[in-house]
Amino acid sequence: MILVAVFLAGWLVGKFLNIDAKILQSSLSQLPWIWSAVLFVLLYVGLQFLAEFSKDFLKPVAAVLFGFYGSCFVIWVGEAINAAVWFYLSRRLGRGFVLKWLGEKFQNFDQRVARARWGDLFALRAIILVPYRVLDPALGLTSISFQKYFSAVLLGSPPRIMMIQAFIILIKDLLPEVSKFLSSGDFTAATQFVTDYLTAHAYITGISFGYLIAVIFLFVRLQKILFAPVIPVDSK
């Protein structure tokens, strides 16, 4: 019940909170890099509790302020802290309640999840399948150890974060120029600009292709885990 109260409080605060991305970006850009990074992480972590507020708008802000590698780093730190906080709150405040409420049904589900290997947790963090805000508290309710999950958080989050930030930077850099070419009807120039950009930023193409292959492989693996038959808890 306490965990439900935390969600409810976050929803109420989020209803009345208004943060302008442009004002935030302008304010942080006036600070030294280290202080803007620290404040960004604190804000990124704080917004996780506001159910009405998505912290995703901070990802483009990070891309502009810190560039590709810098934005990946600060978001990685923020997501690691978020995972630890939500996992702890869910384990301490929610697991006992869910066990009493759902009983054997939840125990069967817990048994299924407990069979997951470290690589499966890595996959859940790496692919864009389950929102982190759902994944962290959900796994906190299970019997999976914090050490096992958090190590998967630290190593599994970067591929997903890098993919998202690469896409954001790609759109940020390409869209204004390509729009100019297309508005003037110069499709050849637009195509050439995109080709030249991707050639000069080969890491974006490499990350995108590698991520796509990994997602296909990991998705197949997760299906085997989630839909495998479960032995009932009370069976011998």
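Residues numbered from 1 in each chain as written. Predicted model: local features only at pLDDT ≥ 70, side-chain atom pairs only at ≥ 80, totals over all residues. Heavy atoms only, no water.

## Here's the deal with the overall build of the chain
Counting secondary structure elements, the chain contains 11 helices and 0 strands. If you list the helices and strands of the chain from N to C, you get α-α-α-α-α-α-α-α-α-α-α. Per-residue burial for the chain yields a buried fraction of 36% across its 236 residues. Across the chain, contacts joining residues at least 24 apart in sequence account for 82% of those joining residues at least 6 apart. Here the chain has roughly 13,400 Å² of accessible surface; of this, 72% comes from carbon and sulfur atoms. (Helix = DSSP H or I, 4+ residues; strand = E, 2+ residues; numbered from the N terminus. Buried < 20%, exposed > 50% of the residue type's maximum accessible area, 1.4 Å probe, protein only. Contact = heavy atoms within 4.5 Å. Areas by Shrake-Rupley, 256 points an atom, 1.4 Å probe, with all protein chains shown as cover.)

## Regarding the packing of helix 2 (residues 21-29) against helix 4 (residues 58-93)
Their axes nearest at 10 Å, the elements helix 2 and helix 4 cross at an angle of 35°. Crossing of helix 2 against helix 4: the hand is right-handed. In contact with Ala21, Leu24, Gln25, Leu28 and Ser29 of helix 2, helix 4 contributes Leu58, Val61, Val64 and Leu65. The residue inventory of the contact of helix 2 with helix 4, partitioned by class, reads 7 nonpolar, 2 polar and no charged. (Axes fitted to C-alpha atoms, helices over the stretch in contact; angles between N-to-C directions. Left-handed = near helix turned anticlockwise from the far one by under 90°. Nonpolar A, V, L, I, M, F, W, Y, C, P; charged D, E, K, R; others polar.)

## What to know about the packing of aromatic side chains
Evaluation of the coordinates by the stated rule reveals 9 aromatic pairs. Each ring, one from Phe40 and one from Phe66, has its centre 5.7 Å from the other, and the planes form 80°; the classification is edge-to-face. You can see Phe40 sitting in helix 3 (residues 33-46) and its partner Phe66 sitting in helix 4, a full 26 residues away along the chain. There is no split in this pair, since Phe40 and Phe66 are both buried. Ring geometry for Phe87 and Tyr149: centres 5.5 Å apart, planes at 20°, overall stacked. Taken together, the residues span a long stretch of sequence, with Phe87 in helix 4 and Tyr149 in helix 9 (residues 146-183) at a distance of 62 residues. (Phe/Tyr/Trp six-rings, centres within 6.5 Å; stacked < 30°, edge-to-face > 60°.)

## What to know about a nonpolar patch on the surface
On the surface, Leu31, Trp33, Ile34, Trp35, Val38, Leu39, Leu42 and Phe73 cluster together to form a nonpolar patch covering roughly 810 Å² of accessible area. If one sorts the elements of the nonpolar patch by residue count, helix 3 sits on top with 6 residues. Here Leu39 is to be found in helix 3. (Patch = residues over 30% accessible without salt bridge, like charges linked within 9 Å, V, L, I, M, F, W, Y side chains within 5 Å. Salt bridge = Lys/Arg side-chain N within 4 Å of Asp/Glu carboxyl O.)

## Some remarks on the nonpolar core
In terms of nonpolar packing, the biggest core is built from 29 residues, with Phe40, Leu58, Ala62, Phe66, Phe68, Val74 and Ile75 touching the most fellow members. Elements that contribute at least two residues to this core include exactly helix 2, helix 3, helix 4, helix 9, helix 10 (187-200) and helix 11 (202-226). Filtering out sequence-adjacent residues up to four positions away, Ile75 remains in contact with Phe40, Tyr44, Lys59, Ala62, Ile161 and Gln165. Among the nonpolar cores identified, the runner-up in size contains 12 residues, and Ala83, Phe87, Val113 and Leu135 belong to it. (Core = buried A, V, L, I, M, F, W, Y, C linked by side-chain atoms within 4.5 Å.)

## Brief notes about the environment of Tyr211
One can find Tyr211 in helix 11. By relative accessible area, which is 11% here, Tyr211 ends up buried. Tyr211 sits 49 residues away from Met162 along the chain, and the two C-alpha atoms are 9.5 Å apart. Non-local contacts of Tyr211, meaning those with residues more than four positions away in its chain, are made with Ala126, Ile127, Ile128, Pro159, Arg160 and Met163.

## Regarding the packing of helix 7 (residues 118-126) against helix 9
Relative to each other, helix 7 and helix 9 sit at 40°, their axes nearing to 7 Å. Compared by their axis directions, helix 7 and helix 9 come out oblique. Every pair of crossing elements has a handedness; the one defined by helix 7 and helix 9 is right-handed. Touching Trp118, Leu121, Phe122, Leu124, Arg125 and Ala126 of helix 7 are Lys148, Tyr149, Ser151, Ala152, Val153, Leu155, Gly156, Ser157, Pro159 and Arg160, all from helix 9. Broken down by class, the residue content of the contact of helix 7 with helix 9 amounts to 10 nonpolar, 3 polar and 3 charged. (Parallel < 35°, antiparallel > 145°, perpendicular 65-115°, else oblique.)

## Here we look at the environment of Glu79
Summarising the element assignment, Glu79 is placed in helix 4. In this structure, the C-alpha to C-alpha distance between Glu79 and Leu154, residues 75 residues apart in sequence, is 8.9 Å. Apart from the residues within four sequence positions on either side, Glu79 is in contact with Tyr44, Lys55, Arg125, Tyr132 and Ile161.

Scope: geometric values only; no functional claims are made or implied.
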